[in-house]
Amino acid sequence: MSKTPLAAVIVALFSLTGCASTESLYAEYDAFCTTEPHVVTITEDNTRQWEPAVYFGFDEAVLNAAQRQRLDHNLALLKEHPELQLSVRAFTDQRGSQAYNRELSERRRQAVVAYLTEQGLAPSRMRSTPAGKQAPILDSMAVDDRVINRRVEMLLLDAQGRPLVLSLDPDASGGDNFTPPTPVE
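Residues numbered from 1 in each chain as written. Predicted model: local features only at pLDDT ≥ 70, side-chain atom pairs only at ≥ 80, totals over all residues. Heavy atoms only, no water.

(A) Spatial organisation of the overall build of the protein chain. When you go through the protein chain residue by residue, the secondary structure sums to five helices and four strands. Secondary structure elements of the protein chain, listed N to C terminal, follow the sequence α-α-β-α-β-α-β-α-β. Looking at the protein chain as a whole, 32% of its 185 residues qualify as buried. Contacts in the protein chain between residues far apart in sequence, at least 24 positions, make up 77% of those at least 6 positions apart. (Helix = DSSP H or I, 4+ residues; strand = E, 2+ residues; numbered from the N terminus. Buried < 20%, exposed > 50% of the residue type's maximum accessible area, 1.4 Å probe, protein only. Contact = heavy atoms within 4.5 Å.)

Here's what the structure looks like:
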């Protein structure tokens, strides 16, 4: 038997004796990361309108009046609660190349961030990324389905950047009434 492989095995064994077990590493990580949801009381009765997304027409990155109004609802809440942060993610539908859709989603992201900033929201409170045509809500090429994918999603975050727990009232959600932006192709 060659001395080189035996020496390598001995060195490896000695170096592993000081390593922590995977289980102990996970225990340390779990203690560091709190996984309990953080609840922020928004109003006395915990009701407040939050618009989870704004929508864009085909190949557009300009906010129309209806979408600015959606953002204004969110701005009111964010101004009342300066401890909250915002995650902004921009998407496109499935048409077009990956490179073009990445650029289009970046323009949509910039439009939303610019509007929020112009209205007084500090850029330091926003975390944003363009996603292009990744993660469509509806994976259909039907016109009515594609419009839902042309969106910028907004997720409320607590002061540490964790998603905020929101309660849901399905009866007050508006049901199936969805008005897509114009123009829709």
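(B) Local environment of the pattern of salt bridges. For the coordinates displayed, the defined rule picks out seven salt bridges. A salt bridge links glutamate 51 to arginine 70; its shortest N-O distance comes to 3.0 Å. Residue glutamate 51 is found in the loop between α2 (22–32) and β1 (53–55), and its partner arginine 70 is found in helix α3 (residues 65–80); the two are separated by 19 residues along the sequence. A single burial state applies to glutamate 51 and to arginine 70, both of which are buried. (Salt bridge = Lys/Arg side-chain N within 4 Å of Asp/Glu carboxyl O.)

(C) Looking closely at the packing of aromatic side chains. This structure, assessed with the given rule, holds zero aromatic pairs. Over the ring of phenylalanine 91 we find arginine 151; its NZ or CZ atom is 3.8 Å from the centre of that ring. (Phe/Tyr/Trp six-rings, centres within 6.5 Å; stacked < 30°, edge-to-face > 60°. Lys NZ or Arg CZ within 6 Å of the ring centre and 35° of its normal.)

(D) Representation of the pairing of strand β4 (residues 151–157). Counting buried residues along β4, five of its seven residues qualify, which places the element largely inside the surrounding structure. In this structure, β1 lies alongside β4, joined through three bridges in antiparallel fashion. In the strand pairing of β4, valine 54 is matched with valine 152. As defined by bridge partners, strand β2 (residues 85–91) adjoins β4 across six bridges and the pair is classed as antiparallel. The residue of β4 that forms the bridge with valine 88 is methionine 154. (Pairing = 2+ DSSP bridges.)

(E) Structural detail: the side chain of aspartate 93. With respect to the secondary-structure elements, aspartate 93 resides in the loop between β2 and α4 (98–118). On the basis of relative accessibility, which here comes to 3%, the residue aspartate 93 falls in the buried class. Reaching out from aspartate 93, the side chain makes a polar contact with the backbone nitrogen of arginine 95 at a distance of 3.1 Å. There is a polar contact of 2.8 Å between the side chain of aspartate 93 and the side chain of arginine 150. (Polar contact = N/O pair within 3.5 Å; in protein donor to acceptor, adjacent residues only side chain to side chain.)

(F) Region of the structure containing unusual backbone geometry. Despite not being glycine, aspartate 59 has its phi angle at roughly 60 degrees, a positive value. Here aspartate 59 lies in the loop between β1 and α3.

(G) Structural detail: the environment of valine 152. Turning to its location among the elements, valine 152 is positioned in strand β4. For the pair valine 152 and alanine 111, spaced 41 residues apart in the sequence, the C-alpha separation amounts to 9.6 Å.

(H) The nonpolar core, seen in detail. In terms of nonpolar packing, the biggest core is built from 23 residues, with Val54, Leu63, Leu71, Leu86, Val112 and Leu116 touching the most fellow members. Of all the elements in the fold, those that place two or more residues in this core are α3, β2, α4 and β4. It is α4 that contributes the most residues to this core, five residues altogether. Once you skip the residues sitting within four places of it in the chain, leucine 86 turns out to touch Trp50, Leu78, Leu116, Leu121, Arg125, Met126, Arg127, Met154, Leu155 and Leu157. (Core = buried A, V, L, I, M, F, W, Y, C linked by side-chain atoms within 4.5 Å.)

(I) The arrangement of the side chain of threonine 92 in detail. By the element assignment, threonine 92 lies in the loop between β2 and α4. Within the structure, the side chain of threonine 92 is placed 3.4 Å from the side chain of asparagine 101, a separation counted as a polar contact.

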